[in-house]
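# Structural features, examined
Okay, here's what each chain looks like letter by letter:
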Amino acid sequence: MSADLTGILLSFQPDSPDVEKRRDYDVKARNFASQLSNISASHWSKGIDTEQDVLTILNPAVNSIAYAFALRHRLAAVVEKRNVPDILQPGGALWNQLVLFLETADPVQLRYVGKEWRSLVEWTESIARACGSPSLAIAPMRSAMTRLDPTTGTFTSIHLIFVQLCLETRSYAAAEPILDNYIHTLPTKVPNVVRENLEYSVPCADVVSSGEYMHLNSGHTDKVSLADIQEYYVLGAMAYLGVRQFKKAQHFLEHVLVAPTSSTANGFMLEAYKKWVLVTCLVDGKMGSVPRTANGNAIKTIKFASKAYEALAEAYEELHNMSKLKAQVKMGAEMWAEDGNTGLVTELVNSQMRSYVSRLSQTYSAIPVSNIANHLGAPADQIGQYIETLIREGHLNARLEETDKSNAGVVLRFYLDPTQGPLAKSEKQQQQALFEQTLRTNTLAEQVKDADYRLTLTKEYMENQKRLNKRQGQGGDAMDTAWEDSIDPEEDIMIDLH
Amino acid sequence: MASSVEQSPFFQAHKAKGLLIVKDPPKFDLESYIANYSGYTRIDRLHHIGAHSPYLAVDAYRLAIAQAKRGKNVELYTTLVEELSKIAPDDPAALTDTTWAEKKTREVREEHDRLEHELKSYKNNLIKESIRMGNEDLGHFYYDTGDFSNAHKAYMKMREHCTSPKHLADMNLRLVYTSIAQKSWTNVMANLAKSEATQLKGEDKAKLEPIISACNGLALMCAGSYPDAATAFLGTSAAYLTAEPAANITWQKEVISGNDIAVYGGLCALAYMDRVDLQNRVLANSEFRNFLELEPHIRRAINLFCNSKYSACLEVLEGYRNDYLLDVYLADILHIIYNRIRKKSIVQYFIPFSCVTLDEMASKFPTTDGRSINDDLEQMINQKSLDARIDLVEGLLISPPTNPRHDVHSDALTMAESYDHSLRLRLTRLNMLAAGMEVQQNKSGDKGSNTGGGIGDTFRGLGSKIGF
């Protein structure tokens, strides 16, 4: 039997010539997967720890479909038990096999074993948790996600689990590669008609968007709700805050705010708005305006509940009166702590001085440090050092210099020409940046087109289209009959009036 | 004498309230200045001068009281006398003529009763023309006694009884006249618009136009829209100077004189027009030239500004500051206009230079009220009206080098980024909509608050953990 199994397992060869056509490949792979899912669990457990062990015979990179099934059954058998056995412990044999599979599996075959893939990834997380070292799961999960979908732009339930894990273990930097890839597709129900038996639309085809092979029927993801997505964005923003990427955090929070709503808001939006107010100050130096796509009434509701934060933002803008912000921060200390925003608020206070100094560059070309120190009420040495760090960290395009003139002491001199100084960009750099941006925008435009296409597949769109067609048809008919029925045109006018 | 007037309780109180006091004598001669005016505005202007210039206070009050005694406004008379008694208690005019006041009050009451009575009988007779005239008389009466709001009401009542466009036009002008006395500028503008819309034709219309545009300018200026005011004044035809009384009002004497138009229009234009416009629309304006001839120094100031002699221009204006502060309409807004002219001069002055020392700036544009030139420049730069940077070390004002190519590139980049971002936001939204996701109202009642609380809890824990 065991030999039988091996035979079946090796029967699907992705490189063989008879699956060259996409459609053939699709049919074969599909049949193969359903065949494997009919094999009972007992067959899989045969031959463990022998030469005939399927996991040693199969190559995860070539026989990915078979390997995924084998691995899942093997794990299912072990995981049931209370204690995590040694082979499953990170570093154990089975764990290594799992990681190897997640990192090297064939991306195209993975598209056919969505359910298996998801269980494997989820187990990776729970095993690592059970062993008390959840951070070990981060790297395998991340490679699993990028392996399946290099853009990781199709939202899955794995995304959320991954971000939660990263935040819990405070490994924000580890989350960045995934967060940086924006979500361009949400898993939807794709009608079978569009999915099957089309040369260019079968899952194994070289498709533009990963959304075409990852959807609710493919098993790669659990059903995702709006709350899941919002949570992903809020947590993602917090991860960005952890690595001080304020601008990206701001953008993430805005994704939460634009959620479609029937003029009402939820807890995520409130949470996001509070953070957004503070982060916007950090990024732009002033309070910005909410994205236009956001629902007005919903924003009004959450604005009403976030007055304290807006007051902070106002105080932040008053650069000539810095004590006001400090006083307000002190007043609301409890509130910030309760909302988990104390860190952000502290950051706000710290950056106000920076904001003040960089505002000076719009007024002065050179100013003695002692003048700034007078205004800020701090000793000149300290301010001098502070400014030096600002310049070093790239917040100011300026230099500090000593002068012997009129006892000015150390002088802060700004570079007036944008092509000079430490922050200057050469034209080549600019061109490069523009070029990269063009590429990004083009990809994005493709994805938008894709999303638009998906929208035309939804039931609502179809119904609306149907209704439109019907109305047009009816409208024509109605008019015709009206002409025929009405013998007296004047009477017709009266009818219209009524 | 001036010093004792300045120490009088009246000006002390003024000073304590922080009100304006013009200490130095103005250039004009009170007698000849006030001879330009008659009617209510004469008393109003005298009152303003008296209350703000210790130097002219006594004379102005005397003239005002003498005129008030000829009129019917007892209240105004008593206020004037009271104020004068606080300034110069020994002056013969500072004693209230109680017999006159009592007699006048009685007369006024009698006249009021008589007019009301007449109006009532007209109304009973249902003769439109009589009712209109009755209301008009009542309006005149209220106006004379200083009860402007009732005058306004009485004139308004004339409307339904007007039978010809001429009547309507007269009524509207009366309304304008009353609202100017009330200094309620939005009303003035509304009534002016109505006057303009009356269906007068040909000559009558032509007569009305200069009056309307002059009053419009005044109203716009006092309401703070100086550029529009400048346009209105500049559009006033020279016929205003010789216009016949309309609606029994000699506008150039009882409202604003030709000199006023020259000063108001000139200053507003100087503050809000660039050099080309000043040259083309003010100096080369043949109609407005007639007004400018009345006030040659305004003409000189504009000429100097156009010839880039900014400090000389400011000097001329500075010389007349006191005069204008004693003008009833300019007093409150003069500092705005002057500041604006000064700032504009600085900007214009700086354009051809890449670098000017601050000392040079300070000598060209001396500051008035204890501020340093640095403060002014700093404020102007922060308001983005002056494109420059200050070098406090070398004491220089520097024009920043521009690099349009670099700017365009970086602008394009930021624009592309923001476009990219908003596209992403829309994509997210589109996806959510396509997936049928929506924050629901009914859920927010029980479930929403639940999740809200739950989320809050988890975040709170996380927040304190990660320190953000």
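Only a predicted model underlies this, so the values are computations on that prediction, with no experimental measurement involved.

## Digging into the overall build of chain A
- For chain A, the count of helices and strands is 25 helices and three strands.
- Expressed as a percentage of the 498 residues in chain A, the buried residues total 46%.
- In chain A, once contacts between residues fewer than 6 apart in sequence are set aside, the share between residues at least 24 apart is 69%.
- Summed over all atoms, the accessible surface of chain A reaches about 24,500 Å², with 52% contributed by carbon and sulfur.

## As for helix H6 (residues 74-87) of chain B
- Counted at 1.5 Å a residue, the expected span for H6 of chain B with its 14 residues is 20 Å, and the 20 Å between its end C-alpha atoms agrees.
- Taken together, the buried positions of H6 of chain B are Val 74, Leu 76, Tyr 77, Leu 80, Val 81, Glu 83, Leu 84 and Ile 87 of chain B.

## Section: the domain arrangement of chain B
Residue and element names in this part refer to chain B.
- The domains assigned to chain B are domain 1 (2-96), domain 2 (164-312) and domain 3 (353-398).
- Centre-to-centre, using C-alpha coordinates, domain 1 lies 28 Å away from domain 2.
- Each side of the interface is counted separately: domain 1 has eight residues, and domain 2 has ten residues.
- Buried surface at the junction of domain 1 and domain 2, both sides included, amounts to about 690 Å², of which 31% is carbon and sulfur.
- Applying the counting rule to domain 1 against domain 2 returns two salt bridges.
- Where Asp 44 meets Lys 183, a salt bridge forms, and the shortest distance between an N and an O atom there is 2.8 Å.
- At the junction of domain 1 and domain 2, the tally comes to six residue pairs in polar contact (both at pLDDT 80 or more).
- Residue classes in the side of domain 1 that touches domain 2 are distributed as three nonpolar, three polar and two charged.

## Notes on the packing of aromatic side chains
Residue and element names in this part refer to chain B.
- Taken as a whole, this structure holds 29 aromatic pairs over all chains when the rule is applied.
- Seen from their ring centres, Tyr 40 and Phe 148 are 5.1 Å apart, and the 70° between their planes marks the pair as edge-to-face. Linking Tyr 40 in helix H4 (residues 40-52) with Phe 148 in helix H9 (residues 148-157), this pair joins segments that are 108 residues apart in sequence.
- Tyr 40 gets classed as partly exposed once you look at its relative accessible area, which sits at 22%.
- The class of Phe 148 is buried, set by a relative accessible area of 11%.
- Between Phe 305 and Tyr 310, the aromatic rings sit 5.2 Å apart at their centres with planes inclined by 75°, giving edge-to-face as the arrangement.
- Judged by its relative accessible area of 0%, Phe 305 is buried.
- For the cation-ring pair, Arg 45 lies above Tyr 37, with the distance from its terminal atom to the ring centre recorded as 4.1 Å.

## Regarding the interface of chain B and chain A
- Taken together, the contact pairs 57 residues of chain B with 81 residues of chain A.
- When the two sides are added together, the surface that chain B and chain A hide from each other amounts to roughly 6,300 Å², 65% of it contributed by carbon and sulfur.
- Asp 391 of chain B is the salt-bridge partner of Arg 413 of chain A, the closest N and O atoms lying 3.2 Å from each other.
- Put simply, chain B and chain A have 20 residue pairs in polar contact (both at pLDDT 80 or more) between them.
- Of all the secondary structure elements, the ones that give two or more residues to the side of chain B that touches chain A are helix H23 (373-382), strand S2 (389-391), helix H24 (404-434) and helix H25 (441-466) of chain B.

## Focus: helix H18 (residues 322-331) of chain A
Residues and elements named next belong to chain A.
- Among the residues of H18, Met 322, Leu 325 and Val 329 are the ones counted as buried. Down the axis of H18, the smallest arc covering the buried residues is 60°, so these residues share one side. The exposed residues of H18 that point more than 90 degrees off its buried face are Ser 323, Lys 330 and Met 331.
- As for H18, its buried residues are in contact with helix H17 (307-317), helix H19 (333-339), helix H20 (342-360) and helix H21 (369-376).

## Thoughts on the confidence of the model for chain A
Residues and elements named next belong to chain A.
- Across chain A, the average pLDDT comes to 79, with 86% of residues at or above 70.
- Of all helices and strands in chain A, the one with the weakest mean pLDDT is helix H25 (residues 489-497) (44), whereas helix H13 (residues 226-242) scores best (91).
- Overall, residues 475-498 carries pLDDT values under 50, and its contacts beyond four positions in sequence, including any with other chains, amount to one contact.

## A closer look at the pattern of salt bridges
- Under the criterion given, the structure shown has 29 salt bridges over all chains.
- In this structure, Glu 122 of chain A and Arg 118 of chain A form a salt bridge, with 3.5 Å as the shortest nitrogen-oxygen distance. Of this pair, Glu 122 of chain A and Arg 118 of chain A both sit in helix H8 (residues 114-130), four residues apart, roughly one helical turn.
- Measuring nitrogen to oxygen at the nearest pair gives 2.8 Å for the salt bridge that ties Lys 69 of chain B to Asp 97 of chain B. Here Lys 69 of chain B, found in helix H5 (residues 57-70), pairs with Asp 97 of chain B, found in the loop between H6 and helix H7 (98-125); they are 28 residues apart in sequence, far enough to count as distant.
- Looking at Lys 69 of chain B, the relative accessible area reads 32%, which means it is partly exposed.
- With relative accessibility at 23%, the residue Asp 97 of chain B sits in the partly exposed group.
- Through salt bridges with shared partners, a single ionic network connects Lys 72, Glu 111, Arg 114, Glu 118 and Asp 144 of chain B.

## Some words on the confidence of the model for chain B
Residues and elements named next belong to chain B.
- Across chain B, the average pLDDT comes to 81, with 93% of residues at 70 or higher.
- Here H25 stands out as the least confident element of chain B, with mean pLDDT 43; helix H13 (residues 226-234) is the most confident, with 89.
- Low pLDDT, under 50, characterises residues 443-468; the predicted model gives this stretch 35 contacts beyond four residues in sequence or across chains.

## Thoughts on the environment of Lys 364 of chain B
- Within the secondary structure, Lys 364 of chain B is located in helix H22 (residues 358-364).
- Setting aside anything within four residues of it in sequence, one finds Lys 364 of chain B in contact with Ser 311 and Tyr 349 of chain B.

## Some words on empty space enclosed by the protein
Residue and element names in this part refer to chain B.
- Taken as a whole and assessed by the stated rule, the structure comprises three cavities of 30 Å³ or more.
- For the largest cavity, the calculated volume is near 80 Å³.
- Every residue along the wall of the largest cavity is listed here: Tyr 40, Thr 41, Asp 44, Tyr 143, Tyr 177, Ile 180, Ala 181, Lys 183, Glu 254, Val 255 and Tyr 329.
- Broken down by secondary-structure element, the contributors of at least two residues to the lining of the largest cavity are H4 and helix H10 (165-182).
- Its residues assigned to classes, the lining of the largest cavity comprises seven nonpolar, one polar and three charged.

## What about the sheet that holds S2 of chain B?
- An order of S2(A)-S3(A)-S1(A)-S2(B)-S3(B)-S1(B) is seen for the six strands of this open sheet, with the pairing classed as mixed. The outermost strands of the open sheet, each flanked by one partner alone, are strand S2 (398-402) of chain A together with strand S1 (355-357) of chain B. Adjacent strand axes in the sheet meet at a mean angle of 25°, parallel and antiparallel pairs treated alike.
- As judged from the three bridges shared by S1 of chain B and strand S3 (residues 396-398) of chain B, these two strands associate in the antiparallel manner. Following the sheet pairing, Thr 357 of chain B is matched in S3 of chain B by Leu 396 of chain B.

Cut-offs and rules
Residues numbered from 1 in each chain as written. Chains lettered and ligands numbered in written order. Predicted model: local features only at pLDDT ≥ 70, side-chain atom pairs only at ≥ 80, totals over all residues. Heavy atoms only, no water. Helix = DSSP H or I, 4+ residues; strand = E, 2+ residues; numbered from the N terminus. Buried < 20%, exposed > 50% of the residue type's maximum accessible area, 1.4 Å probe, protein only. Contact = heavy atoms within 4.5 Å. Areas by Shrake-Rupley, 256 points an atom, 1.4 Å probe, with all protein chains shown as cover. Expected span 1.5 Å × (residues − 1). Domains from an automatic or database assignment. Buried area = accessible area lost by both parts, 1.4 Å probe. Salt bridge = Lys/Arg side-chain N within 4 Å of Asp/Glu carboxyl O. Polar contact = N/O pair within 3.5 Å; in protein donor to acceptor, adjacent residues only side chain to side chain. Nonpolar A, V, L, I, M, F, W, Y, C, P; charged D, E, K, R; others polar. Phe/Tyr/Trp six-rings, centres within 6.5 Å; stacked < 30°, edge-to-face > 60°. Lys NZ or Arg CZ within 6 Å of the ring centre and 35° of its normal. Arc of directions from axis to C-beta. pLDDT = per-residue confidence, 0-100. 1 Å grid on protein atoms, 1.4 Å probe; cavity = no way out; pocket = protein on both sides within 12 Å on 5 of 7 lines; lining within 4 Å. Points joined across faces, edges and corners; volume = space filled by probe spheres on them. Pairing = 2+ DSSP bridges. Axes fitted to C-alpha atoms, helices over the stretch in contact; angles between N-to-C directions.

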